[in-house]
Amino acid sequence: MSIEAREFIRRFEEFCPLWLAEEGDPVGFHIGTLDKPVNRIMMTLDVRPEVVQEAITKKVDLIVAKHPPIFRPIKRLTADDPQTAMYMELVKHDIAVYAAHTNMDIIHDGLNDWFCEMLGVKADDYMTRTHVEGLKKLVVYVPEDAAEQMRQALGDAGAGQQGAYHHTSYTMQGQGRFTPTAAAQPAIGHPDVPENVPEARIEVIFPEKRQGQILQAMFAAHPYEEPAYDLISLANDPVTYGIGRVGNLAEPMSIETFCERVKEVFALEGLRLVEPPRNAKKTVQRIAICGGSGGNFYLDALAKRADVYITGDVYYHTAHDMQAHGLTVIDPGHNIERVCIPRFIEKMNAWKEEQNWDVSFVASETNTNPFQYR
Ligand SMILES: [Zn+2]
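What comes next is a walk through the structure. Along each chain, numbering runs from 1 in the same order as the chain's sequence is written. Thresholds applied to this predicted model are a pLDDT of at least 70 for local features of residues and 80 or more for the giving and counting of side-chain atom pairs; totals over whole chains, interfaces and linings are not thresholded and use all residues. As a rule here, side-chain values cover all heavy atoms of the structure and leave hydrogens and water aside.

## With respect to the nonpolar core
Nonpolar core, defined: a set of buried Ala, Val, Leu, Ile, Met, Phe, Trp, Tyr and Cys residues in which side-chain atoms within 4.5 Å join the residues together. Buried means the residue's accessible area, taken with a 1.4 Å probe over protein chains only, is under 20% of the maximum for its type, while exposed means over 50%, and partly exposed covers the values in between. Judged by nonpolar contacts, the single largest core of 71 residues is most densely connected at Phe 8, Phe 12 and Tyr 309. We call two residues in contact when some of their heavy atoms are within 4.5 Å. Apart from the residues within four sequence positions on either side, Phe 8 is in contact with Ile 3, Ile 41, Leu 62, Val 64, Met 348, Trp 351, Trp 357 and Phe 361. The next biggest cluster of nonpolar side chains, apart from the first, holds 19 residues, and it includes Leu 138, Ala 153, Leu 154 and Val 204.

Next up, the structure:
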(Lines give C-alpha, C1' and ligand atoms only; values in the text may rest on other atoms or scores of the structure.)
Protein backbone atom coordinates (compact mmCIF):
# COMPACT_ATOMS: atom_id res chain seq x y z
CA MET A 1 0.00 0.00 0.00
CA SER A 2 1.33 3.40 -0.97
CA ILE A 3 1.34 6.38 1.39
CA GLU A 4 -0.22 9.82 1.13
CA ALA A 5 2.12 12.57 -0.04
CA ARG A 6 0.99 14.69 2.91
CA GLU A 7 2.02 11.98 5.38
CA PHE A 8 5.51 11.88 3.90
CA ILE A 9 5.79 15.68 4.04
CA ARG A 10 4.67 15.69 7.68
CA ARG A 11 7.63 13.44 8.55
CA PHE A 12 9.97 15.43 6.31
CA GLU A 13 9.03 18.69 8.06
CA GLU A 14 9.61 17.17 11.48
CA PHE A 15 13.25 16.90 10.40
CA CYS A 16 13.37 19.99 8.22
CA PRO A 17 10.73 22.48 9.44
CA LEU A 18 9.58 25.39 7.31
CA TRP A 19 9.95 27.94 10.11
CA LEU A 20 13.74 27.56 9.90
CA ALA A 21 13.86 28.98 6.36
CA GLU A 22 15.09 32.52 5.88
CA GLU A 23 12.47 35.21 5.54
CA GLY A 24 10.99 35.42 2.03
CA ASP A 25 12.45 32.07 0.95
CA PRO A 26 9.65 30.33 -1.00
CA VAL A 27 10.07 26.94 0.67
CA GLY A 28 7.49 24.20 0.96
CA PHE A 29 4.88 22.82 -1.34
CA HIS A 30 5.20 24.29 -4.86
CA ILE A 31 3.29 22.39 -7.55
CA GLY A 32 0.44 19.88 -7.75
CA THR A 33 -1.35 18.25 -4.84
CA LEU A 34 -0.25 16.50 -1.67
CA ASP A 35 -3.65 14.83 -1.28
CA LYS A 36 -2.73 11.78 -3.33
CA PRO A 37 -1.03 8.45 -2.81
CA VAL A 38 2.65 8.33 -3.77
CA ASN A 39 4.71 5.30 -4.79
CA ARG A 40 7.90 7.01 -5.91
CA ILE A 41 9.55 10.10 -4.51
CA MET A 42 12.59 11.62 -6.21
CA MET A 43 15.22 13.77 -4.51
CA THR A 44 16.97 16.38 -6.65
CA LEU A 45 19.07 19.51 -6.22
CA ASP A 46 17.40 21.41 -9.07
CA VAL A 47 14.17 21.08 -10.99
CA ARG A 48 15.20 21.49 -14.64
CA PRO A 49 13.40 20.31 -17.81
CA GLU A 50 15.77 17.29 -17.97
CA VAL A 51 14.98 16.44 -14.34
CA VAL A 52 11.25 16.61 -15.12
CA GLN A 53 11.74 14.21 -18.07
CA GLU A 54 13.66 11.90 -15.75
CA ALA A 55 10.77 12.04 -13.24
CA ILE A 56 8.25 11.21 -15.98
CA THR A 57 10.36 8.25 -17.20
CA LYS A 58 10.83 6.97 -13.65
CA LYS A 59 7.09 7.36 -12.87
CA VAL A 60 7.75 9.69 -9.96
CA ASP A 61 4.76 11.07 -8.01
CA LEU A 62 6.56 13.67 -5.93
CA ILE A 63 9.82 15.57 -6.36
CA VAL A 64 11.66 16.95 -3.34
CA ALA A 65 14.09 19.67 -4.42
CA LYS A 66 16.71 21.78 -2.68
CA HIS A 67 16.11 24.74 -4.97
CA PRO A 68 12.53 26.05 -5.18
CA PRO A 69 11.38 25.67 -8.80
CA ILE A 70 9.24 28.84 -8.67
CA PHE A 71 11.74 31.24 -7.12
CA ARG A 72 10.29 34.42 -8.63
CA PRO A 73 6.59 34.96 -9.28
CA ILE A 74 5.56 34.06 -12.83
CA LYS A 75 3.27 36.28 -14.94
CA ARG A 76 2.22 33.71 -17.58
CA LEU A 77 1.82 29.96 -17.72
CA THR A 78 2.54 29.14 -21.34
CA ALA A 79 4.44 26.46 -23.24
CA ASP A 80 6.59 28.91 -25.22
CA ASP A 81 8.90 29.65 -22.27
CA PRO A 82 11.07 26.68 -21.18
CA GLN A 83 10.62 27.39 -17.47
CA THR A 84 6.83 27.63 -17.50
CA ALA A 85 6.57 24.79 -20.05
CA MET A 86 8.34 22.72 -17.39
CA TYR A 87 5.66 23.61 -14.81
CA MET A 88 3.00 22.56 -17.32
CA GLU A 89 4.72 19.20 -17.85
CA LEU A 90 4.72 18.62 -14.10
CA VAL A 91 1.03 19.40 -13.80
CA LYS A 92 0.17 17.33 -16.88
CA HIS A 93 1.93 14.29 -15.41
CA ASP A 94 0.56 14.86 -11.90
CA ILE A 95 4.04 15.23 -10.40
CA ALA A 96 3.97 17.27 -7.19
CA VAL A 97 6.99 19.37 -6.21
CA TYR A 98 8.13 20.30 -2.72
CA ALA A 99 11.19 22.41 -1.88
CA ALA A 100 13.36 22.67 1.25
CA HIS A 101 15.88 25.43 0.68
CA THR A 102 17.55 27.58 3.36
CA ASN A 103 15.88 25.47 6.07
CA MET A 104 17.98 22.56 4.75
CA ASP A 105 21.11 24.70 5.31
CA ILE A 106 20.05 25.70 8.82
CA ILE A 107 18.73 22.45 10.35
CA HIS A 108 20.94 20.44 12.68
CA ASP A 109 22.51 17.51 10.83
CA GLY A 110 21.85 19.47 7.63
CA LEU A 111 23.73 20.30 4.47
CA ASN A 112 26.46 22.45 6.04
CA ASP A 113 27.09 19.83 8.73
CA TRP A 114 27.50 17.22 5.99
CA PHE A 115 29.99 19.47 4.19
CA CYS A 116 32.02 19.80 7.39
CA GLU A 117 31.94 16.07 7.97
CA MET A 118 33.12 15.38 4.41
CA LEU A 119 35.96 17.90 4.67
CA GLY A 120 37.12 16.76 8.11
CA VAL A 121 36.07 20.02 9.77
CA LYS A 122 34.86 19.72 13.36
CA ALA A 123 32.16 22.42 13.46
CA ASP A 124 31.84 24.31 16.74
CA ASP A 125 29.93 27.45 15.72
CA TYR A 126 27.53 28.96 13.18
CA MET A 127 28.59 31.77 10.88
CA THR A 128 25.45 33.65 11.94
CA ARG A 129 22.82 32.60 14.41
CA THR A 130 19.39 32.74 12.78
CA HIS A 131 16.89 31.20 15.19
CA VAL A 132 16.57 30.60 18.91
CA GLU A 133 14.02 28.16 20.27
CA GLY A 134 13.12 28.03 23.97
CA LEU A 135 12.58 24.81 25.89
CA LYS A 136 9.43 23.68 27.68
CA LYS A 137 8.65 20.97 30.16
CA LEU A 138 5.52 18.84 30.18
CA VAL A 139 4.54 17.15 33.42
CA VAL A 140 1.75 14.63 32.98
CA TYR A 141 0.01 12.41 35.55
CA VAL A 142 -1.12 8.97 34.37
CA PRO A 143 -2.27 5.75 36.06
CA GLU A 144 0.85 3.64 36.64
CA ASP A 145 -0.13 0.94 34.16
CA ALA A 146 -0.34 3.58 31.38
CA ALA A 147 3.04 5.13 32.19
CA GLU A 148 5.08 3.08 29.75
CA GLN A 149 2.85 3.82 26.75
CA MET A 150 2.85 7.51 27.70
CA ARG A 151 6.67 7.71 27.87
CA GLN A 152 6.88 5.94 24.52
CA ALA A 153 4.31 8.24 22.86
CA LEU A 154 5.95 11.41 24.15
CA GLY A 155 9.39 10.22 23.02
CA ASP A 156 8.05 9.22 19.60
CA ALA A 157 6.59 12.73 19.23
CA GLY A 158 10.05 14.24 19.80
CA ALA A 159 10.05 14.98 23.52
CA GLY A 160 13.13 14.14 25.58
CA GLN A 161 15.80 14.54 22.92
CA GLN A 162 18.95 15.60 24.68
CA GLY A 163 22.24 15.60 22.78
CA ALA A 164 22.92 12.03 21.69
CA TYR A 165 19.95 10.67 23.71
CA HIS A 166 16.27 10.30 22.89
CA HIS A 167 13.17 9.20 24.85
CA THR A 168 14.63 10.76 28.02
CA SER A 169 12.11 11.33 30.82
CA TYR A 170 11.76 11.31 34.58
CA THR A 171 9.05 9.44 36.51
CA MET A 172 7.88 9.63 40.13
CA GLN A 173 5.20 7.56 41.82
CA GLY A 174 2.31 9.20 43.71
CA GLN A 175 -1.40 9.26 44.36
CA GLY A 176 -3.97 10.91 42.11
CA ARG A 177 -7.30 11.88 43.70
CA PHE A 178 -10.53 12.84 41.97
CA THR A 179 -14.30 12.57 42.28
CA PRO A 180 -16.23 12.14 39.02
CA THR A 181 -19.52 14.03 38.70
CA ALA A 182 -22.69 12.56 37.24
CA ALA A 183 -21.73 14.11 33.88
CA ALA A 184 -18.37 12.30 33.74
CA GLN A 185 -17.51 9.11 31.90
CA PRO A 186 -14.45 8.16 33.94
CA ALA A 187 -11.91 5.57 32.77
CA ILE A 188 -11.52 4.64 36.44
CA GLY A 189 -14.14 5.08 39.23
CA HIS A 190 -17.84 5.94 39.55
CA PRO A 191 -19.88 9.17 39.83
CA ASP A 192 -19.76 10.85 43.24
CA VAL A 193 -17.31 8.29 44.69
CA PRO A 194 -13.92 9.81 45.67
CA GLU A 195 -11.17 7.90 43.89
CA ASN A 196 -7.53 7.37 44.86
CA VAL A 197 -5.30 5.96 42.10
CA PRO A 198 -1.56 5.12 42.06
CA GLU A 199 -0.29 7.45 39.39
CA ALA A 200 3.02 8.22 37.71
CA ARG A 201 4.22 11.79 37.27
CA ILE A 202 6.16 11.86 33.99
CA GLU A 203 8.35 14.82 33.05
CA VAL A 204 9.78 15.51 29.60
CA ILE A 205 11.59 18.48 28.04
CA PHE A 206 11.19 19.58 24.42
CA PRO A 207 11.78 22.56 22.09
CA GLU A 208 8.71 24.81 22.25
CA LYS A 209 7.81 24.53 18.54
CA ARG A 210 7.02 20.87 19.14
CA GLN A 211 4.36 21.66 21.72
CA GLY A 212 1.44 20.96 19.36
CA GLN A 213 2.57 17.49 18.33
CA ILE A 214 3.63 16.56 21.86
CA LEU A 215 0.31 17.58 23.45
CA GLN A 216 -1.51 15.73 20.69
CA ALA A 217 0.53 12.58 21.44
CA MET A 218 -0.08 13.05 25.18
CA PHE A 219 -3.88 13.29 24.77
CA ALA A 220 -3.92 10.30 22.41
CA ALA A 221 -1.94 8.11 24.85
CA HIS A 222 -3.79 9.18 28.03
CA PRO A 223 -6.57 6.90 29.27
CA TYR A 224 -8.34 9.67 31.23
CA GLU A 225 -11.22 11.81 30.04
CA GLU A 226 -9.56 14.89 31.59
CA PRO A 227 -5.79 14.40 31.67
CA ALA A 228 -3.97 16.46 34.30
CA TYR A 229 -0.78 18.09 33.08
CA ASP A 230 1.48 21.11 33.60
CA LEU A 231 3.19 22.98 30.79
CA ILE A 232 6.20 24.99 31.97
CA SER A 233 8.46 27.44 30.11
CA LEU A 234 12.10 26.84 31.07
CA ALA A 235 14.92 29.31 31.54
CA ASN A 236 17.47 26.68 30.40
CA ASP A 237 19.69 27.61 27.48
CA PRO A 238 17.56 27.60 24.32
CA VAL A 239 18.19 25.53 21.18
CA THR A 240 20.03 27.66 18.62
CA TYR A 241 20.16 27.46 14.84
CA GLY A 242 22.34 29.26 12.33
CA ILE A 243 23.45 29.60 8.76
CA GLY A 244 26.90 28.31 7.77
CA ARG A 245 29.33 26.49 10.05
CA VAL A 246 32.78 27.29 11.42
CA GLY A 247 35.21 24.73 12.75
CA ASN A 248 38.73 23.38 12.74
CA LEU A 249 40.63 20.84 10.69
CA ALA A 250 42.39 18.23 12.84
CA GLU A 251 45.77 19.57 11.62
CA PRO A 252 46.78 22.82 9.94
CA MET A 253 47.61 22.34 6.26
CA SER A 254 48.79 24.41 3.33
CA ILE A 255 46.11 26.12 1.27
CA GLU A 256 47.26 24.03 -1.73
CA THR A 257 46.69 20.77 0.16
CA PHE A 258 43.32 21.99 1.41
CA CYS A 259 42.24 22.98 -2.12
CA GLU A 260 43.16 19.45 -3.25
CA ARG A 261 41.05 18.03 -0.46
CA VAL A 262 38.04 20.17 -1.47
CA LYS A 263 38.40 19.07 -5.10
CA GLU A 264 38.67 15.42 -4.15
CA VAL A 265 35.79 15.43 -1.65
CA PHE A 266 33.37 17.11 -4.06
CA ALA A 267 34.79 15.46 -7.21
CA LEU A 268 35.57 18.83 -8.83
CA GLU A 269 37.55 19.43 -11.98
CA GLY A 270 38.53 22.81 -10.62
CA LEU A 271 37.68 25.50 -8.12
CA ARG A 272 38.20 29.25 -7.79
CA LEU A 273 40.59 30.53 -5.16
CA VAL A 274 40.51 34.13 -3.91
CA GLU A 275 43.62 35.13 -1.99
CA PRO A 276 44.48 38.50 -0.52
CA PRO A 277 47.29 40.13 -2.54
CA ARG A 278 49.34 40.62 0.62
CA ASN A 279 49.89 38.28 3.56
CA ALA A 280 48.22 35.24 2.00
CA LYS A 281 47.76 32.40 4.51
CA LYS A 282 50.64 29.92 4.60
CA THR A 283 48.61 27.29 6.43
CA VAL A 284 44.92 27.00 7.21
CA GLN A 285 43.03 25.28 10.00
CA ARG A 286 39.89 27.26 10.88
CA ILE A 287 37.32 26.84 8.13
CA ALA A 288 34.02 28.66 7.55
CA ILE A 289 31.59 27.10 5.11
CA CYS A 290 28.27 28.15 3.69
CA GLY A 291 27.27 25.95 0.76
CA GLY A 292 25.40 27.42 -2.16
CA SER A 293 25.63 31.13 -2.67
CA GLY A 294 27.02 32.70 0.51
CA GLY A 295 29.18 35.54 -0.81
CA ASN A 296 27.20 38.07 1.22
CA PHE A 297 28.13 36.38 4.49
CA TYR A 298 31.90 36.85 4.11
CA LEU A 299 32.04 39.40 6.96
CA ASP A 300 30.72 36.70 9.29
CA ALA A 301 33.56 34.41 8.18
CA LEU A 302 35.98 37.23 9.04
CA ALA A 303 34.30 37.89 12.38
CA LYS A 304 34.65 34.20 13.26
CA ARG A 305 38.38 34.39 12.42
CA ALA A 306 38.22 31.78 9.68
CA ASP A 307 41.44 31.13 7.74
CA VAL A 308 39.40 30.14 4.70
CA TYR A 309 35.78 30.69 3.71
CA ILE A 310 34.18 28.15 1.38
CA THR A 311 31.14 29.29 -0.57
CA GLY A 312 29.79 29.22 -4.12
CA ASP A 313 28.77 31.81 -6.71
CA VAL A 314 31.29 34.42 -5.53
CA TYR A 315 30.69 37.61 -7.49
CA TYR A 316 33.66 39.45 -9.06
CA HIS A 317 33.35 42.64 -7.01
CA THR A 318 32.59 40.71 -3.82
CA ALA A 319 35.84 38.79 -4.43
CA HIS A 320 37.65 42.17 -4.52
CA ASP A 321 36.09 43.10 -1.18
CA MET A 322 37.11 39.74 0.28
CA GLN A 323 40.68 40.28 -0.89
CA ALA A 324 40.74 43.78 0.55
CA HIS A 325 39.63 42.39 3.92
CA GLY A 326 42.45 39.83 3.83
CA LEU A 327 40.11 36.84 3.52
CA THR A 328 41.02 33.66 1.62
CA VAL A 329 38.00 32.18 -0.16
CA ILE A 330 37.43 28.90 -1.99
CA ASP A 331 34.55 28.87 -4.45
CA PRO A 332 33.86 25.20 -5.28
CA GLY A 333 30.68 26.11 -7.21
CA HIS A 334 27.05 25.91 -6.18
CA ASN A 335 26.60 22.37 -7.45
CA ILE A 336 28.41 20.77 -4.49
CA GLU A 337 25.00 20.96 -2.83
CA ARG A 338 24.10 17.82 -4.79
CA VAL A 339 25.41 15.85 -1.78
CA CYS A 340 21.97 16.51 -0.28
CA ILE A 341 20.59 13.88 -2.68
CA PRO A 342 22.24 10.71 -1.26
CA ARG A 343 22.07 12.10 2.30
CA PHE A 344 18.34 12.68 2.10
CA ILE A 345 17.68 9.35 0.39
CA GLU A 346 19.41 7.72 3.36
CA LYS A 347 17.22 9.65 5.84
CA MET A 348 14.03 8.95 3.89
CA ASN A 349 14.79 5.23 3.86
CA ALA A 350 15.22 5.35 7.64
CA TRP A 351 11.80 7.04 7.98
CA LYS A 352 10.34 4.42 5.65
CA GLU A 353 11.60 1.68 7.95
CA GLU A 354 10.42 3.47 11.09
CA GLN A 355 6.94 4.23 9.66
CA ASN A 356 6.54 1.00 7.71
CA TRP A 357 5.87 2.89 4.48
CA ASP A 358 5.47 1.22 1.13
CA VAL A 359 7.21 3.76 -1.05
CA SER A 360 10.47 3.98 -2.95
CA PHE A 361 12.92 6.84 -2.99
CA VAL A 362 14.98 7.60 -6.06
CA ALA A 363 17.96 9.87 -6.48
CA SER A 364 17.90 12.11 -9.52
CA GLU A 365 20.81 11.16 -11.79
CA THR A 366 20.62 14.23 -14.02
CA ASN A 367 23.70 16.44 -13.88
CA THR A 368 22.31 19.95 -13.28
CA ASN A 369 25.66 21.72 -13.11
CA PRO A 370 25.54 24.31 -15.93
CA PHE A 371 29.31 24.93 -15.74
CA GLN A 372 32.13 22.94 -17.34
CA TYR A 373 35.89 23.31 -17.23
CA ARG A 374 37.78 23.24 -20.54
ZN1 LIG B 1 21.71 26.35 -3.30
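Once the structure has been displayed, the description carries forward.
## Quick notes on the sheet that holds strand 8 (residues 135-143)
Note: strands within a sheet are paired through backbone hydrogen bonds, in either parallel or antiparallel orientation. The sheet built from four strands is open, its strands ordered 9-10-8-11 with antiparallel pairing. Two strands close off the open sheet at either side, each with one partner strand: strand 9 (170-178) and strand 11 (228-233). Put simply, the sheet's adjacent strands are angled 25 degrees from each other on average, direction ignored. Here the rule is simple: two strands pair whenever DSSP picks up at least two bridges between them. Put simply, DSSP H or I for four residues or longer makes a helix, DSSP E for two residues or longer makes a strand, and each gets a number counted from the N terminus. For helices, the fitted line uses only the C-alpha atoms of the stretch in contact; every axis is such a line through C-alpha atoms, and the angle between N-to-C directions lies from 0 to 180 degrees.

## Concerning the sheet that holds strand 4 (residues 40-44)
Across the sheet, five strands lie side by side as 2-6-5-4-17; this open sheet has mixed pairing. The sheet terminates laterally at strand 2 (28-31) and strand 17 (360-363), the two strands that pair on one side only. Between one strand axis and the next, the sheet turns through 25 degrees on average, direction left out of account. Those strands touched by helix 1 (residues 5-15) are strand 4, strand 5 (62-65), strand 6 (96-99) and strand 17, and its axis lies near 15 degrees from that of strand 5. In the packing of helix 2 (residues 49-57) onto the sheet, contacts are made with strand 4, strand 5 and strand 17, and the angle to strand 4 comes to roughly 160 degrees.

## Some details on helix 11 (residues 340-355)
Helix span is expected to be 1.5 Å times the residue number reduced by one. Between its first and last C-alpha, helix 11 extends 22 Å over 16 residues, near the 22 Å set by a 1.5 Å rise per residue. All buried positions along helix 11 are accounted for by Cys 340, Ile 341, Phe 344, Ile 345, Met 348 and Trp 351. Considered in projection along helix 11, the buried side chains sweep an arc of 125 degrees and stay on one side of the axis. The outward face of helix 11, more than 90 degrees from its buried face, is lined by the exposed residues Pro 342, Glu 346 and Glu 353. Tucked inside the fold, the buried residues of helix 11 contact helix 1, strand 4, strand 5, helix 4 (102-106), helix 5 (111-119) and strand 17. Here, the arc refers to the directions that run from the helix axis to the C-beta atoms.

## Focus on the packing of helix 1 against helix 11
Where helix 1 contacts helix 11, the axes come no closer than 11 Å and their chain directions differ by 120 degrees. Comparing their axes, helix 11 and helix 1 come out oblique. At the point where helix 1 passes helix 11, the crossing takes the right-handed sense. Packed against helix 1, whose contacting residues are Phe 8, Arg 11, Phe 12 and Phe 15, the element helix 11 presents Phe 344, Lys 347, Met 348, Trp 351, Glu 354 and Gln 355 at the interface. If an angle is under 35 degrees, it is roughly parallel; if it is over 145, roughly antiparallel; if it lies from 65 to 115, roughly perpendicular; otherwise it is oblique. With the far helix as reference, a near helix turned anticlockwise by less than a right angle produces a left-handed crossing, and one turned clockwise produces a right-handed crossing.

## Description of the coordination of the zinc ion
At the metal site, the zinc ion is ligated by His 67 (NE2), His 334 (NE2) and Glu 337 (OE), and these contacts range over 2.0 to 2.1 Å. With water excluded from the atoms, a metal site may look incomplete; its donors are any N, O or S atoms within 2.8 Å, or within 3.2 Å for Na, K and Ca. Ordering the donors of the zinc ion by residue number gives the pattern H-x266-H-x2-E. For His 334, a relative accessible area of 22% corresponds to the partly exposed category. Exposure remark for Glu 337: the relative accessible area of 2% places this residue in the buried category.

## A few points about the packing of helix 6 (residues 147-156) against helix 7 (residues 211-221)
Running from N to C, helix 6 and helix 7 cross one another at 155 degrees; their axes reach a closest spacing of 9 Å. Of the possible angle classes, the one that applies to helix 6 and helix 7 is roughly antiparallel. Crossing geometry of helix 6 relative to helix 7 is assigned as right-handed. Packed against helix 6, whose contacting residues are Gln 149, Met 150, Ala 153 and Leu 154, the element helix 7 presents Ile 214, Ala 217, Met 218 and Ala 221 at the interface. Under the convention adopted here, Pro, Cys and the residues Ala, Val, Leu, Ile, Met, Phe, Trp and Tyr are nonpolar, Asp, Glu, Lys and Arg are charged, and Gly plus all remaining residues are polar. Split by residue class, the contact of helix 6 with helix 7 holds seven nonpolar, one polar and no charged.

## Considering the side chain of Glu 54
Locating Glu 54 in the fold gives a position in helix 2. Note on Glu 54: relative accessible area 10%, which makes it buried. Side-chain polar atoms of Glu 54 contact the side chain of Ser 364, separated by 2.7 Å. Any pair of N or O atoms that falls within 3.5 Å is considered a polar contact. Within protein, one atom must be able to donate a hydrogen and the other to accept it, and sequence-neighbouring residues count only if both atoms are side-chain atoms.

## A closer look at the state of the cysteines
To count as a disulfide, a pair of cysteine sulfur atoms needs to be within 2.5 Å. In total, this model carries zero disulfides according to the counting rule given. Here Cys 259 is not cross-linked by a disulfide; its sulfur's nearest cysteine counterpart is in Cys 116, at 17 Å. We classify Cys 259 as buried; its relative accessible area is 10%. We note that Cys 290 lacks a disulfide partner, and the nearest cysteine sulfur, in Cys 116, lies 11 Å from it.

Limitation: the analysis is restricted to geometry and does not speak to function.
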